[in-house]
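Listed here are the chains, written in short residue letters.
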Amino acid sequence: MENSHKYFKRDISWLSFNYRVLLEAEDETLPIYERIKFLSIYSSNLEEFYEIRVAEHRGVIMKKNFTEESGAEAEETLAEITEEVNRQQREYYRIFSKVLQELNRQDIYLYQDSRPEPFHEEFVHNFFNEEVFPFLSPVMIQAGDIRTFIRDRRLYLVIRMMKKSKRMADPDYVPDYYYALMKIPYAKVPRFIELPTHEGKHYIMFIDDIIRANLSSIFPGYVVESCYSIKISRDADIYLDDEKGGNIVENIRKKVKKRKIGALSRFMYDSNMPEDFLAFVCSAFGITTDDLVLGGRYNNLQDLIKLPNPKGKELEQQVPSPMRVPFLDEMGSVFRAVKKRDILLHFPYQSFDYLIRFLMEAAFDPKVDEIKITQYRVAENSAVINTLISAAQNGKKVTVFVELKARFDEENNMSTAERMEQAGIRIIYSIPGLKVHAKVAVILRKDTEDGSKRRDFAYLSTGNFNEKTARIYSDMALLTSNSELITDINKVFAVLEGKLTDPTFRHLLVARFNMVPELTRMIHREIEHVKAGRKGRIILKMNGLHDQNMINELYNASENGVEIDLIVRGICCLVPNRPFSANIRVTRIVDMFLEHSRIWYFYNDGEEELFLTSADWMRRNLNRRIETAFPILNAEIKRNIIDILNIQLQDNVKACLIDEHLHNNFKRDDNPVKVRAQLAIYEYLKNKI
């Protein structure tokens, strides 16, 4: 693993995170289908990594895109990536084998490297003929011929065969090989087929193997010598941050369509493929050795998330049900409750329904004049969007800032925006050269019938307005009617509407305006406390830490005696356990929920300051996005969040400490009490009811 002097390489650090995801699949204390889920997540993560990050390095080498990285640096990084990914792939298939053994102990058999048992042959043959064969379109491959285009994210089989001949019995017979390429159907046929049970045992088969078992009927007149799985990944980064002028919707729409034909970033192949077979395939499709990544008999294993579970919930992780918030329920009206006090919601520990209620109440309240909200990633058929449409249809003025450049959500965001526009909602589209990642909403409301007094409301969050991800992402959201916070929020929307170019904020930290200067000031303040003989303490929870200027500030604070705990789920380019980072500890937590909330804590000589935010300390977040961080001003809420941070730092089940070699070292201490932070947080919040 990377061990540079002051900074880990971003992509090598990310691979360390994804390896930690893979380690969940090896945890034998977890239900078997939870382990399978993490095998799927690991594969899905790696797919996107090749589509974006590896593609970017290849673009630098080919001089198709320009960054601070040189071609030589890109080549060096790609070599490190390939070495580490190949190591992880070997680990993946080792762990996959252990998972299969556990499935067998549960009387569930996923066929591997074998033809179906005699008692399944008829079913497999009939299923193939009736459900699969009509969708197959094999193509013969000839060296020097026109190349067949290979789609990204699709599975293919490459087949080597010989024409049937009486001479085949001759021991000196040297066959002429013929090659074929065949795409495995993905829309019409599921990846996994449940076969009839036999003697109380459940059997499942990859569609790949059902096809393999019937190759002779696909290629009559040939003898199939061998068959292997391949797949490719293509450059999916369409460089939307560089949009300039014109019709941004149409420009993005055109670029999204080109994603399907992006440059090659990975060619994954079965590691058992003979070298001469691989050489032919590479020659036929223009694959270079730099493109090669080891795979196995089965690729696209993110599909494992769809593996049938014939035994149901007993083999799955039982996720705690989202709790109700009694105060909100008792008050009946969200507005009435928030008038009395700020309310913090913890997803998925608590129900996301309260946001829907908040917006629905605004949609039908005659005193509400206007709703403004940002949209980054929303669910398909979103209840959030439906409530906004209801508000517009009820005569409310609704303004939605839609970030079209949310990667892989561009099409959904465009179609959602068009639907809202048709309903009379005012849509503000992406700002060229910037992404808007802030998660904020404001409701402008009269407090009296004549409008002589106002009481506005706001919702600020660390996560998206997305009811689907709110079930699996750990996020926090604040409901408030604090007029000073709302004044700042209205300034954010004024910036988005192009009405304000140089705002000043009293409470919010907003990227590209006051966020970095204020963060720097608070770090320096902790240093000054230490120099004065007092305590200096910082806790930062985020998804990614990459910005070298901010890392340098943390190194400086560490060297001056400030105690720093980082809870970083993903990329962390800060190197711990060095003289310049001796007072910094880096914790990574991977568990049943995706850790997504960002929290910044500064001890401030006992006058503790706490911010929740949408921003990671990545260069893009701090410099090329509109992000917000909002202070927690309510003492009780502040205490609860600090308690939750401390619970995460006490985790000795799912937490890893990251060392100077980027190793994930499970935190095992002498505490006889096992603290699994996510379950402990649920109990903590439950006891607060």
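Bear in mind that the values here come from a model prediction, so they are computed numbers and not experimental data.

Trainee: Outline the overall build of the protein chain, listing residues and values.
Mentor: The number of helices and strands found in the protein chain is 19 helices and 28 strands. Since a compact globule built from 689 residues should have a radius of gyration of about 26 Å, the 28 Å found for the protein chain is in line with a globular shape. Structurally, the protein chain occupies a C-alpha span of about 95 × 60 × 55 Å along its principal axes. Summarising the internal contacts of the protein chain: among those between residues at least 6 apart in sequence, 75% fall at separations of at least 24.

Trainee: So what's going on with the nonpolar core? Residues and values would help.
Mentor: Counting residues in each nonpolar core, the largest one holds 79 residues, and the members touching the most others are L554, L566, L574, W600 and W617. Top contributing element to this core by residue count: helix α2 (residues 32-61), with 10 residues. When sequence neighbours within four positions are dropped, the list of residues in contact with W617 reads L519, I523, L540, M542, G544, L545, H546, D547, M550, L554, W600 and L622.

Trainee: Which residues make up the packing of aromatic side chains, and what are the values?
Mentor: A ring pair, where both rings are aromatic, is described by two values, the distance of the centres and the angle of the planes. Within this structure, the stated rule accounts for 27 aromatic pairs. When the ring of Y109 is compared with that of Y203, the centres are 5.4 Å apart and the planes differ by 25°; the resulting orientation is stacked. Here Y109, found in strand β1 (residues 108-110), pairs with Y203, found in strand β6 (residues 201-206); they are 94 residues apart in sequence, far enough to count as distant. Residues Y228 and F277 carry aromatic rings whose centres are separated by 5.5 Å and whose planes lie at 80° to one another, so their mutual orientation is edge-to-face. Linking Y228 in strand β7 (residues 222-234) with F277 in helix α8 (residues 275-285), this pair joins segments that are 49 residues apart in sequence. Considered together, Y228 and F277 belong to a single accessibility category, that of buried residues. One aromatic cluster is present, built from ring pairs that chain together W14, F17, F49 and Y50. Positioned over the ring face of F580 is K6, at 5.3 Å from the centre of the ring. A cation over an aromatic ring shows up here: K535 above the ring of Y603, its NZ or CZ 4.4 Å from the ring centre.

Trainee: Before we move on, could you go through the environment of Y269 and cite the residues and values that matter?
Mentor: With respect to the helices and strands, the residue Y269 is situated in strand β8 (residues 264-270). On the basis of relative accessibility, which here comes to 11%, the residue Y269 falls in the buried class. Setting aside chain neighbours within four positions, we find Y269 in contact with S229, I230, L278, L292, V293, L294, G295 and G296.

Trainee: Provide a residue-level description of unusual backbone geometry, including the pertinent values.
Mentor: The residue after F347, namely P348, is reached through a cis peptide bond having omega 0°. Considering the arrangement of structural elements, one finds P348 in the loop between β10 (343-347) and α11 (353-364). A positive phi angle, near 55°, is found at N300, a position not held by glycine. Looking at the secondary structure, you find N300 in the loop between β9 (292-295) and α9 (326-331).

Trainee: Break down the pattern of salt bridges for me, with residues and values.
Mentor: Enumeration according to the criterion identifies 48 salt bridges in this entry. K98 is the salt-bridge partner of E28, the closest N and O atoms lying 3.9 Å from each other. Taken together, the residues span a long stretch of sequence, with E28 in the loop between α1 (10-24) and α2 and K98 in helix α3 (residues 71-105) at a distance of 70 residues. By relative accessible area, K98 is classed as partly exposed at 25%. Close ionic contact of K339 with D447 constitutes a salt bridge, the shortest N to O distance being 2.8 Å.

Trainee: Can you explain the state of the cysteines? Please cite residues and give values.
Mentor: Considering all chains together, one arrives at 0 disulfides under this definition. We note that C572 lacks a disulfide partner, and the nearest cysteine sulfur, in C573, lies 7.0 Å from it.

Trainee: I'd love a proper account of the sheet that holds strand β28 (residues 664-666), names of residues and values included.
Mentor: If you trace the 9 strands from one edge of the open sheet to the other, you get β18-β26-β24-β23-β19-β20-β21-β27-β28, paired in mixed fashion. At either margin of the open sheet sits one strand with a lone partner, and together these are β18 (509-510) and β28. Sheet analysis places strand β19 (residues 537-542) next to strand β20 (residues 563-568), joined by 6 bridges and oriented parallel. Within β20, the residue paired with I538 across the bridge is I564. Set on the sheet, α1 makes contact with β21 (584-589), β27 (655-658) and β28; between it and β28 the angle comes to about 40°. Where helix α18 (residues 635-650) meets the sheet, it contacts β19, β20, β21, β23 (598-602) and β24 (609-613), and its direction lies at approximately 80° from that of β19.

Trainee: Can you tell me about the environment of V174, naming the residues and giving the values?
Mentor: Along the polypeptide, V174 turns up in the loop between β3 (156-163) and β4 (178-183). As for V174 and G71, which are separated by 103 residues in sequence, their C-alpha atoms are 45 Å apart.

Trainee: Help me get a handle on the pairing of β6, residues and values and all.
Mentor: In terms of residue burial, β6 counts as a mostly covered element, since 5 of its 6 residues are buried. As paired elements, β1 and β6 share 3 bridges and run parallel to each other. What sits directly across from Y109, in β6, is Y203. One ladder, built from 5 bridges, connects strand β5 (residues 192-198) with β6; its direction is antiparallel. What sits directly across from H198, in β6, is K201.

Trainee: Residue-level account of the side chain of E370, with values.
Mentor: Summarising the element assignment, E370 is placed in strand β11 (residues 368-375). One buried charge, E370, has no salt-bridge partner; the nearest side chain with opposite charge is K397, at 4.0 Å. Look past the residues within four positions of E370 in its chain and what remains in contact with it is K397, T399, V442, I443 and L444.

Trainee: Describe α18, and please don't skip the residues or the numbers.
Mentor: Taking 1.5 Å per residue as the helical rise, α18 with its 16 residues ought to reach 22 Å, and the 23 Å between its terminal C-alpha atoms agrees with that figure. Along α18, the residues that are buried comprise I637, K638, N640, I641, I642, I644, L645, I647, Q648 and L649. Two to three positions downstream of the cap, the backbone nitrogen of E636 sits 3.0 Å from a side-chain oxygen, assigning the N-cap of α18 to N634.

Trainee: So, helix α16 (residues 548-559): which residues are in play, and what are the values?
Mentor: With 12 residues, α16 should cover 16 Å at 1.5 Å per step; its first-to-last C-alpha distance of 16 Å lies within 8% of that length. Of all the positions in α16, only M550, I551, E553, L554, Y555, A557 and S558 are classed as buried. Against the buried residues of α16 lie α15 (515-531), β19, β20, β21 and α17 (619-623). At the N-terminal end of α16, a side-chain oxygen is found 3.1 Å from the backbone nitrogen of N549, two or three residues along, and the residue is D547. Two residues or fewer past α16, G561 is found with a positive phi of approximately 95°.

Trainee: Account for the side chain of D591, with residues named and values stated.
Mentor: Following the sequence through the fold, D591 ends up in the loop between β21 and β22 (594-595). Owing to a relative accessible area of 4%, D591 belongs among the buried residues under this scheme. Engagement of the side chain of D591 in a polar contact is seen with the side chain of R676, the distance being 2.7 Å. The contact partners of D591, leaving out residues within four places of it in the chain, are E24, F38, K654, R676 and Q678.

Reading the values: the criteria
Numbering of residues starts from 1 in every chain and runs along the sequence as written. It should be noted that, the model being predicted, local features are given only for residues of pLDDT at least 70 and side-chain atom pairs only at 80 or more, the latter also being counted only at that level, while totals for whole chains, interfaces and linings use all residues. Working from all heavy atoms in the structure, the side-chain values ignore hydrogens and water. Each helix corresponds to a stretch of at least 4 residues labelled H or I by DSSP, and each strand to a stretch of at least 2 residues labelled E; elements are numbered beginning at the N terminus. Here the radius of gyration uses the C-alpha set of atoms, whereas the globule reference equals 2.2 Å times the residue count to the power 0.38. Residues count as neighbours in contact if any of their non-hydrogen atoms are within 4.5 Å of one another. Residues belong to a common nonpolar core when they are buried Ala, Val, Leu, Ile, Met, Phe, Trp, Tyr or Cys residues joined through side-chain atoms within 4.5 Å. Burial classification: accessible surface area is computed with a 1.4 Å probe over protein chains only, and a residue below 20% of its type maximum counts as buried, one above 50% as exposed, and the rest as partly exposed. Two rings from Phe, Tyr or Trp (for Trp, the six-membered ring) form a pair when their centres are within 6.5 Å of each other. A pair whose planes differ by under 30 degrees is stacked, one over 60 is edge-to-face, and the rest are tilted. Two thresholds decide whether a charge sits over a ring: the Lys NZ or Arg CZ must be within 6 Å of the ring centre and within 35 degrees of the ring normal. The working definition used for a salt bridge is a side-chain nitrogen of Lys or Arg within 4 Å of a carboxyl oxygen of Asp or Glu. Our working definition of a disulfide is a cysteine sulfur pair at a distance within 2.5 Å. Following DSSP output, two strands are said to pair if at least two bridges run between them. Under this scheme, a helix contributes an axis fitted over its contacting stretch, all axes are lines through C-alpha atoms, and angles between N-to-C directions fall in the 0 to 180 degree range. Only four residue types enter the charge count, namely Lys and Arg as positive and Asp and Glu as negative; His and the chain termini do not. What a helix is expected to span follows from its residue count: subtract one and scale by 1.5 Å. Here a polar contact means two N or O atoms within 3.5 Å. Within protein one must be a hydrogen donor candidate and the other an acceptor candidate, and residues neighboring in sequence count only if both atoms are side-chain atoms.

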